[in-house]
Amino acid sequence: MKIAIVEDEYLASSYLKSILEQQSIISVSEITVLKSVKEAVAFFIENTVDLAFMDIHLGDGKSLEIFEKTSISCPVIFVTAYDSYAISVFKHFTIDYLLKPFEEQELFDALTKFKNIKDNFNSDTTIQSLVALENPETNKIQRHFLVNHGYKLISINENDITYFVASGKHLFIYVNSGNSYLYNNTLTDIIHNLDQILFFKVNRKYIVSRSIIKEVVKHSAQKIELKLTVPAVETDPIIISKKEINNFKNWLNQ
């Protein structure tokens, strides 16, 4: 099986090449490393491979340009350091992705997926996925959130998030397991990146997921309390900001 790696970072391509040569999930006969859009276009005009790994951002452009200038019929596994840029798209297509820095097991999982779908692969989905990557309507909603956890980087899916909490100058993401992670953003800014159907900023402290709302208690016309299916950060009740009460009702009614 022939593989092409389109990657302009030497350490990244060497790391990927080394693992591919040592793994036993698929049989690899040849690995070609291409360092730029120009080099990749020239290669794919004359050659075909069974699988390609592509960094989305290259030194002389984006990998999308390769598809515009030549025909690629093999499955593609994208490699990116930009979490929000790509991940939401790949969930809907047969292409997989690796988020830098990735571990061996993540690569093994991607190879297993490739092995399972390669016989039924439709190259049209490759083009569809790339077009979606460039579509602002697709990109404006952030579906995954990259956080530090010890020596690891974790990508949190929006469906695993219970709420965002502002604490002082910091923003924390809480997930279904009860764990929390420091996230480099603010409550005011992050709300614009979220799916407005799934999340709502109820006050200056909380953005909550629709999935964890247990009860909405109306103490008065101007005081509404939110009860959650998971423990809140503090024992104080979660009160919806007065100016957001009507918006919150409309949101619940969607």
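What you see is a predicted model, and the numbers here were worked out from it, not measured in a lab. (Residues numbered from 1 in each chain as written. Predicted model: local features only at pLDDT ≥ 70, side-chain atom pairs only at ≥ 80, totals over all residues. Heavy atoms only, no water.)

## Some points on the sheet that holds strand β13 (residues 199-201)
Paired through their backbone hydrogen bonds, the strands of a sheet run either parallel or antiparallel.
Right, on to step 1. Overall, antiparallel pairing links the five strands, which are arranged β12-β11-β10-β14-β13 in an open sheet. Bordering the open sheet on either side are β12 (180-183) and β13, each of which pairs with just one other strand. Looking at each pair of strands side by side, their axes are set apart by 20° on average, direction ignored.
Right, on to step 2. Relative to strand β14 (residues 206-209), β13 is paired through three bridges, and the arrangement is antiparallel. (Pairing = 2+ DSSP bridges. Helix = DSSP H or I, 4+ residues; strand = E, 2+ residues; numbered from the N terminus. Axes fitted to C-alpha atoms, helices over the stretch in contact; angles between N-to-C directions.)

## Here's the deal with a negative patch on the surface
Right, on to step 1. Judged by side-chain charge, E103, E104, E106 and D109 come together as a negatively charged surface patch.
Right, on to step 2. Taking the relative accessible area as the measure of exposure, E103 reaches 38% and is therefore partly exposed. (Patch = residues over 30% accessible without salt bridge, like charges linked within 9 Å, V, L, I, M, F, W, Y side chains within 5 Å. Areas by Shrake-Rupley, 256 points an atom, 1.4 Å probe, with all protein chains shown as cover. Salt bridge = Lys/Arg side-chain N within 4 Å of Asp/Glu carboxyl O. Lys, Arg positive; Asp, Glu negative; His and termini not counted. Charge placed at Lys NZ, Arg CZ, Asp CG, Glu CD. Buried < 20%, exposed > 50% of the residue type's maximum accessible area, 1.4 Å probe, protein only.)

## Re the confidence of the model for the protein
Right, on to step 1. Within the protein, residue pLDDT values average 84, and 85% of them lie at 70 or more.
Right, on to step 2. Ranking the elements of the protein by mean pLDDT puts helix α4 (residues 83-90) last with 49 and strand β2 (residues 30-34) first with 96. (pLDDT = per-residue confidence, 0-100.)

## Considering the side chain of H144
Right, on to step 1. Tracing the chain through its elements places H144 in strand β8 (residues 144-149).
Right, on to step 2. A relative accessible area of 5% places H144 in the buried class.
Right, on to step 3. Reaching out from H144, the side chain makes a polar contact with the side chain of N157 at a distance of 3.3 Å. (Polar contact = N/O pair within 3.5 Å; in protein donor to acceptor, adjacent residues only side chain to side chain.)

## A short note on the packing of helix α1 (residues 10-22) against helix α5 (residues 104-117)
Right, on to step 1. The geometry of α1 relative to α5 is characterised by a closest axis approach of 11 Å and an angle of 60° between their N-to-C directions. Seen along the crossing, α1 lies across α5 with a hand that is right-handed. On the side of α1, the interface is formed by Y15, L16, I19 and L20, while α5 contributes E104, L107, F108 and L111.
Right, on to step 2. Its residues placed into classes, the contact of α1 with α5 shows seven nonpolar, no polar and one charged. (Left-handed = near helix turned anticlockwise from the far one by under 90°. Contact = heavy atoms within 4.5 Å. Nonpolar A, V, L, I, M, F, W, Y, C, P; charged D, E, K, R; others polar.)

## Describing the layout of surface pockets
Empty space among the atoms becomes apparent when a probe as large as a water molecule is rolled across them.
Right, on to step 1. Approximately 390 Å³ is the volume attributed to the largest pocket.
Right, on to step 2. Contributing to the lining of the largest pocket are 15 residues, with L99, P101, E103, E106 and L153 lying nearest its centre.
Right, on to step 3. For the lining of the largest pocket, the secondary structure elements donating two or more residues are β7 (96-99), α5 and β9 (152-157).
Right, on to step 4. Partitioning the lining of the largest pocket into residue classes produces eight nonpolar, two polar and five charged. (1 Å grid on protein atoms, 1.4 Å probe; cavity = no way out; pocket = protein on both sides within 12 Å on 5 of 7 lines; lining within 4 Å. Points joined across faces, edges and corners; volume = space filled by probe spheres on them.)

## Looking at the nonpolar core
Right, on to step 1. Membership of the largest hydrophobic core comes to 19 residues, with the highest contact counts inside it found for V6, F44, A52, M54 and I66.
Right, on to step 2. Every element with two or more residues in this core is listed here: β1 (2-6), α2 (37-46), β3 (51-55), α3 (64-69) and β6 (76-80).
Right, on to step 3. Top element by residues in this core is α2. It accounts for five residues.
Right, on to step 4. In this structure, A52 is in contact with A4, F44, C74, P75, V76 and I77, ignoring residues within four places of it in sequence. (Core = buried A, V, L, I, M, F, W, Y, C linked by side-chain atoms within 4.5 Å.)

## Thoughts on the environment of L107
Right, on to step 1. Residue placement: L107 occurs in helix α5.
Right, on to step 2. Overall, L107 belongs to the buried group, its relative accessible area being 0%.

## Section: α2
Right, on to step 1. Every buried residue of α2 is accounted for by V37, A40, V41, F43 and F44. Axial view of α2: buried residues confined to an arc of 165°, hence all on one face. The exposed set on the far side of α2, more than 90 degrees from its buried face, consists of K38, I45 and E46.
Right, on to step 2. On its buried face, α2 sits against β1, β2, β3, β4 (57-58), β5 (61-62) and α3. (Arc of directions from axis to C-beta.)

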